[in-house]
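Read off the chains here:
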Amino acid sequence: MTLALNLYTQGIDPGLHFPKIREVVETVEYCNGLPVHPRHPYAGELVHTAFSGSHQDAIKKGFAARESRTDEIWEVPYLPIDPADIGESYEAVIRVNSQSGKGGVAWVMEKERGLKLPRALQVDFSKHVQRLAERKGAELSADDIWGEFLRAYHVGDASIFELIDCETQGYRTAGTERTFTGRVRHRERVIQLTGRGNGLVSAVLSALNESFGLALDVIDYNEHALSRGTDAKAAAYLHCRRSDGAEVFGVGIDDDLATASVKATLSAASASVC
């Protein structure tokens, strides 16, 4: 089998087909009474799995490059064959522990939640994940990582500044001011906010800075759709700097992009007061 798959990686069809390698492994283990080593070529349970940060980053970039190609050639670092060709899934290709880097964490967030984290946010979040892995002393599941993401960036119930409702006025044309008006819950109090700026994010920040003295400045902003279609959700990411020079991040997810941007701003504000 190993020889056949080696030929396959060199573009030579050996005429053998292994659509469900797990079933083959189970049969071999039953007949021999011996387990197949987790790192055994092609058949091991962990043979397609990367824990190292540098390996994970290379695999992530390899998959991204493959998506932009039009041919069927398989060229992904550290994966000599496509796991799908032998009945394996991509779920175990990258698994996260204390040795994993930003690439592995970003892979899990994109594959499990559809979030394409900006590079600066990848770097920041990987530190949170590493600390969590060290505390647990074990491999982290996708749910572990998602829970840490919600806590780290005050998303949803973890938010200190929670949006109740809002209105925006004005246009995005040059020289036109944008006005934000909304109600925000802050530590059990509902507060009416109003702010103006040259865009929605700056208008919300103006309202927060004036009401709470946060003094946040925008470093970077990113947004993308989480899925395609008329019911697609949107994600917004905000990178800010406080008056003391410390950098904070905000994340917003909503059916409406404008609302996602507002939530990302409130998320960053929540991080700035912790």
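Below is a short write-up of the structure.

Basis of the calculations
- Residues numbered from 1 in each chain as written.
- Predicted model: local features only at pLDDT ≥ 70, side-chain atom pairs only at ≥ 80, totals over all residues.
- Heavy atoms only, no water.
- Helix = DSSP H or I, 4+ residues; strand = E, 2+ residues; numbered from the N terminus.
- Buried < 20%, exposed > 50% of the residue type's maximum accessible area, 1.4 Å probe, protein only.
- Contact = heavy atoms within 4.5 Å.
- Areas by Shrake-Rupley, 256 points an atom, 1.4 Å probe, with all protein chains shown as cover.
- Expected span 1.5 Å × (residues − 1).
- Polar contact = N/O pair within 3.5 Å; in protein donor to acceptor, adjacent residues only side chain to side chain.
- Pairing = 2+ DSSP bridges.
- Axes fitted to C-alpha atoms, helices over the stretch in contact; angles between N-to-C directions.
- Parallel < 35°, antiparallel > 145°, perpendicular 65-115°, else oblique.
- Nonpolar A, V, L, I, M, F, W, Y, C, P; charged D, E, K, R; others polar.
- Salt bridge = Lys/Arg side-chain N within 4 Å of Asp/Glu carboxyl O.
- Phe/Tyr/Trp six-rings, centres within 6.5 Å; stacked < 30°, edge-to-face > 60°.

A short note on the overall build of the protein
Okay, step 1: When helices and strands are counted, the protein shows eight helices and six strands.
Okay, step 2: When the helices and strands of the protein are read in sequence order from the N terminus, they spell out α-α-α-α-α-α-β-β-β-α-β-β-β-α.
Okay, step 3: By the burial criterion, 42% of the 274 residues in the protein qualify as buried.
Okay, step 4: For the protein, long-range pairs separated by at least 24 residues make up 45% of all intrachain contacts whose partners lie at least 6 apart in sequence.
Okay, step 5: Accessible surface, the protein: about 15,100 Å² in total, of which carbon and sulfur atoms supply 48%.

Remarks on helix α2 (residues 21-32)
Okay, step 1: Helix length check: α2 (12 residues) gives 16 Å between terminal C-alpha atoms against 16 Å at 1.5 Å per residue, within 8%.
Okay, step 2: Where α2 terminates, the next one or two residues include glycine 33, which has phi positive at roughly 70 degrees.

Thoughts on helix α8 (residues 257-272)
Okay, step 1: With 16 residues, α8 ought to run about 22 Å at 1.5 Å a step, and its terminal C-alpha atoms sit 23 Å apart, in line with that.
Okay, step 2: Across the 16 residues of α8, 13 count as buried, placing the element largely inside the fold.
Okay, step 3: Where α8 begins, the capping side chain belongs to aspartate 256, and its oxygen is found 3.2 Å from the backbone nitrogen of alanine 258.

Focus: the sheet that holds strand β4 (residues 217-225)
Okay, step 1: Taken together, the three strands give an open sheet; going across it, the order is β4-β5-β6, and neighbouring strands pair in antiparallel fashion. At either end of the open sheet lies a strand with only one pairing partner, and these are β4 and β6 (247-254). Averaged over all pairs of adjacent strands, the angle between strand axes in this sheet comes to 15 degrees, irrespective of strand direction.
Okay, step 2: Relative to β6, strand β5 (residues 234-241) runs antiparallel, the two sharing eight bridges. Opposite alanine 234, over in β6, you have aspartate 254 as the bridge partner.

Some thoughts on the packing of helix α4 (residues 102-113) against helix α5 (residues 119-136)
Okay, step 1: One way to put it is that α4 packs onto α5 with a least axis distance of 8 Å and a crossing angle of 100 degrees. Between α4 and α5, the angle is such that the two are roughly perpendicular. Only Arg119, Gln122, Val123, Phe125, Ser126 and Val129 of α5 make contact with α4, whose side of the interface consists of Lys102, Val105, Ala106 and Met109.
Okay, step 2: For the contact of α4 with α5, the residue count by class is six nonpolar, two polar and two charged.

Let's talk about the pattern of salt bridges
Okay, step 1: One pass over the full model with this rule turns up eight salt bridges.
Okay, step 2: The closest approach of N and O atoms between arginine 241 and glutamate 247, which form a salt bridge, is 3.5 Å.
Okay, step 3: Relative accessible area serves as the criterion here: at 41%, glutamate 247 is assigned to the partly exposed category.

Section: unusual backbone geometry
Okay, step 1: One non-glycine residue, histidine 154, adopts positive backbone phi at about 50 degrees.
Okay, step 2: Inspection of the secondary structure puts histidine 154 in the loop between α6 (142-152) and β1 (161-169).
Okay, step 3: A residue is classified by how much of its surface remains accessible, and histidine 154, at 11% relative accessible area, is buried.
Okay, step 4: Even without being a glycine, alanine 215 presents a positive backbone phi close to 55 degrees.
Okay, step 5: Mapped onto the fold, alanine 215 is located in the loop between α7 (200-212) and β4.

Concerning the packing of aromatic side chains
Okay, step 1: Counted by the stated rule, this structure contains seven aromatic pairs.
Okay, step 2: Between the aromatic rings of phenylalanine 125 and phenylalanine 149, the centroid separation amounts to 5.1 Å while the plane-to-plane angle is 80 degrees, which identifies the pairing as edge-to-face. Residue phenylalanine 125 is found in helix α5, and its partner phenylalanine 149 is found in helix α6; the two are separated by 24 residues along the sequence.
Okay, step 3: Taking relative accessible area as the criterion, phenylalanine 125 reaches 0% and is therefore assigned buried.
Okay, step 4: Relative to phenylalanine 149, the ring of tryptophan 146 has its centre 5.7 Å away and its plane inclined at 15 degrees; by these criteria the two rings are stacked. Of the two residues, tryptophan 146 and phenylalanine 149 are both situated in helix α6; the distance of three residues between them amounts to about one turn of the helix. We note that tryptophan 146, like phenylalanine 149, is buried.
Okay, step 5: Three or more aromatic residues link up through ring pairs in this structure, and these residues are Phe125, Trp146, Phe149 and Tyr153.

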